[in-house]
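Listed here are the chains, written in short residue letters.
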Amino acid sequence: MAMSPRQRSKVSRGVQYGVLVVLFIAIAFTADWSTLREQFFNGDILPELFPTIFTTALKNTLLYTSCAFAFGLVLGLILALMRLSSVGPYRWISTTFVEFFRGVPALIVFIGFYYGLPVAFPGRVLPGGTLGVVTVALGLVGAAYMAETIRAGIQAVPKGQMEAARSLGMTHSRAMFSIVVPQAFRIILPPLTNELILLTKDSSLVYVIGLSLADSELTDFGRRNLSQYVNLTPLFAVALSYLIITVPLSIVVRRMEARADKAR
Amino acid sequence: MSEITVDKNVPAIDVQELHKYFGENQVLKGIDFHVDAGQVVCVIGPSGSGKSTLLRCVNRLEEPTSGKIFVEGVEVTDPDVNLDQLRSRIGMVFQQFNLFPHLTVMDNLTIAQTKVKKRSKSEAVEVARKNLERVGLGDREGAYPAHLSGGQQQRIAIARALSMTPDLMLFDEPTSALDPELVGDVLDVMKDLASEGMTMMVVTHEMGFAREVGDNLVFMDGGVIVEEGDPTEVLGNPQHERTQGFLSKVL
């Protein structure tokens, strides 16, 4: 039977929808819904989690992530500028740093910081307790990734921008900070936000250093309650709480991208 | 309109025995070139002749390989020269405009005034407004570059350079990236500037402008100055074979 390309794509689309519907129905009928609800959405346990899940756990996750991100962003910018520098040693230091912290699992960096630092510098501790450790350990990992993103952004700004700024008498660093870097950040806003989302999730690794109840963040909170209730409902609630952070973040970025497009 | 004061005793631009290599490739092969204060000198020639490189060496956006360049008696090629201060006195206009896309027209015009010349914000705004009027775009100070046509962007770029109150202006093919119908507006601004006595070095393909406005015309080919002189003479009665060949193709 001869079909026009349009008819053929219509039929093919129909088949795809059909497969999806069958898949959903199959899952819906084979799943054990009552146990699922009992295990993941237990009405008795859920109210017990409030308000601590928000007032302590979510709050701490936000605090750890934003401090680590701020620290990582500043360090990442410095590393990116070092990587692009004409001074050889700066480039080598930056490259070594980035390769090391990108290549090592964040979990190991946490352990290294918590147990390694007191051995290396006896009697000294990072200021800020848990927050200090998270900010630095997670920030170092984030900085390594962000440095590469920022470097790519700086290199994506047309060379003529630096030339125009220099021809007006700006010094190299003035031109960098007033002209090139602002444009670079506009370019890298989406990948930078992905970085923030990844850091939000990586902040869960802080449980390895052992947290007090007051320092507990979402994942640690979920694990505590998981063992207390022997039920998966706390973890499910924690998962949803992460989405409360990450979904609005994506929306904000889409808005900012739209605004940047208008100005371009 | 402000009077531009120039020292008539020292050449505005004086290039001596300039050589420039890009790797193995020699782009400038011993250029001697000068522009007197208040003069408009146009540089023409086929692409790859080195004319843009010569212009970009004047404010050291390109680093000369050897030779000396003086701007108003100050040696640009001196390694210890305060290049940033020198550059703030040399206006430059690019083929691709190079406006700062993240800043409004007004901020484009004021940022270097406040950060380099250390003018107060209000003084910078006043200077910027005057120069926007001068290029006929007084009503666009709040716009972003992306919302302007190419011809408007280039006139803003000229106003940005003028806002630094430069002693001389370098134009690097200022109309080559423009749609034909937009070229006229930009050339008009440049003609006004010339008639006010601004010292200008213009790399261009606009023979009409060179003939009408230029005090001197330089024809370059293969990294050397082949012929130079009065524009009407050079364009109307070229002496050199290569000049004749080039002009027969473009006129």
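Scope of this entry: the structure provided in the associated data block. Just so we're clear, the structure is a prediction, and the values are computed from it rather than from any experiment.

## Some thoughts on the overall build of chain B
Piece 1. When helices and strands are tallied, chain B shows nine helices and ten strands.
Piece 2. A compact globule built from 251 residues should have a C-alpha radius of gyration of about 18 Å, and chain B, at 18 Å, falls within 12% of that.
Piece 3. A total of 251 residues make up chain B; the buried ones form 57% of that total.
Piece 4. Nonlocal contacts in chain B, meaning residues at least 24 apart in sequence, comprise 65% of its contacts between residues at least 6 apart.
Piece 5. Accessible surface computed for chain B: about 10500 Å², of which carbon and sulfur atoms make up 44%.
Piece 6. Charged side chains in chain B number 24 positive and 38 negative. The centres of these two groups are separated by 6 Å.

## Let's talk about the sheet that holds strand S2 (residues 25–35) of chain B
Neighbouring strands of a sheet are bound in pairs by backbone hydrogen bonds; such pairs are parallel or else antiparallel.
All names here are of chain B.
Piece 1. Taken in spatial order, the four strands of this open sheet run S2-S1-S4-S5, and their pairing is antiparallel. Looking at strand neighbours, the two that pair on one side only are S2 and strand S5 (74–75), the edges of this open sheet.
Piece 2. Strand direction decides the pairing type here: strand S1 (residues 13–22) and strand S4 (residues 66–71), joined by five bridges, are antiparallel. For aspartate 14, the partnering residue across the bridge sits in S4 and is phenylalanine 70.

## A closer look at the pairing of S4 of chain B
Sheet faces and side chains relate simply in a regular strand, where the side chains alternate between the two faces.
Residues and elements named next belong to chain B.
Piece 1. The pairing of S4 with S5 spans two bridges and is classified as antiparallel. Looking at the pairing, phenylalanine 70 lines up with glutamate 75 of S5.
Piece 2. In this antiparallel pair of consecutive strands, S4 and S5, the connection spans two residues, and glutamate 72 shows a positive phi of 50°.

## Quick look at the packing of aromatic side chains
The geometry of an aromatic ring pair is captured by two quantities: the separation of the ring centres and the angle between the planes.
Piece 1. The full count for this structure, using the stated rule, is seven aromatic pairs over all chains.
Piece 2. Measuring from centroid to centroid gives 5.0 Å for tyrosine 114 of chain A and tyrosine 115 of chain A, while their planes differ by 85°, and the two rings are edge-to-face.
Piece 3. For tyrosine 115 of chain A, a relative accessible area of 48% translates into the label partly exposed.
Piece 4. One aromatic cluster is present, formed by Phe40, Phe41 and Phe236 of chain A through successive ring pairs.
Piece 5. Sitting over the face of the ring of tyrosine 207 of chain A, arginine 223 of chain A holds its NZ or CZ atom 4.3 Å from the ring centroid.
Piece 6. One Lys or Arg, arginine 160 of chain B, reaches over the ring of phenylalanine 100 of chain B and ends 4.4 Å from the middle of that ring.

## Some thoughts on the pattern of salt bridges
Piece 1. Counting across every chain of the model gives 18 salt bridges over all chains.
Piece 2. Among the ionic pairs, glutamate 148 of chain A bridges to arginine 151 of chain A, the shortest N-O distance being 3.2 Å. On the criterion of helical spacing, the pair formed by glutamate 148 of chain A and arginine 151 of chain A is a turn pair, its members being three residues apart in helix H7 (residues 129–156).
Piece 3. With a relative accessible area of 15%, glutamate 148 of chain A lands in the buried category.
Piece 4. With its nearest N and O atoms 2.6 Å apart, the salt bridge here joins arginine 56 of chain B to glutamate 163 of chain A. With arginine 56 of chain B in helix H1 (residues 51–58) and glutamate 163 of chain A in helix H8 (residues 159–167), this residue pair bridges two chains.

Rules of the game
Residues numbered from 1 in each chain as written. Chains lettered and ligands numbered in written order. Predicted model: local features only at pLDDT ≥ 70, side-chain atom pairs only at ≥ 80, totals over all residues. Heavy atoms only, no water. Helix = DSSP H or I, 4+ residues; strand = E, 2+ residues; numbered from the N terminus. Rg over C-alpha atoms; globule rule 2.2 N^0.38 Å. Buried < 20%, exposed > 50% of the residue type's maximum accessible area, 1.4 Å probe, protein only. Contact = heavy atoms within 4.5 Å. Areas by Shrake-Rupley, 256 points an atom, 1.4 Å probe, with all protein chains shown as cover. Lys, Arg positive; Asp, Glu negative; His and termini not counted. Charge placed at Lys NZ, Arg CZ, Asp CG, Glu CD. Pairing = 2+ DSSP bridges. Phe/Tyr/Trp six-rings, centres within 6.5 Å; stacked < 30°, edge-to-face > 60°. Lys NZ or Arg CZ within 6 Å of the ring centre and 35° of its normal. Salt bridge = Lys/Arg side-chain N within 4 Å of Asp/Glu carboxyl O.

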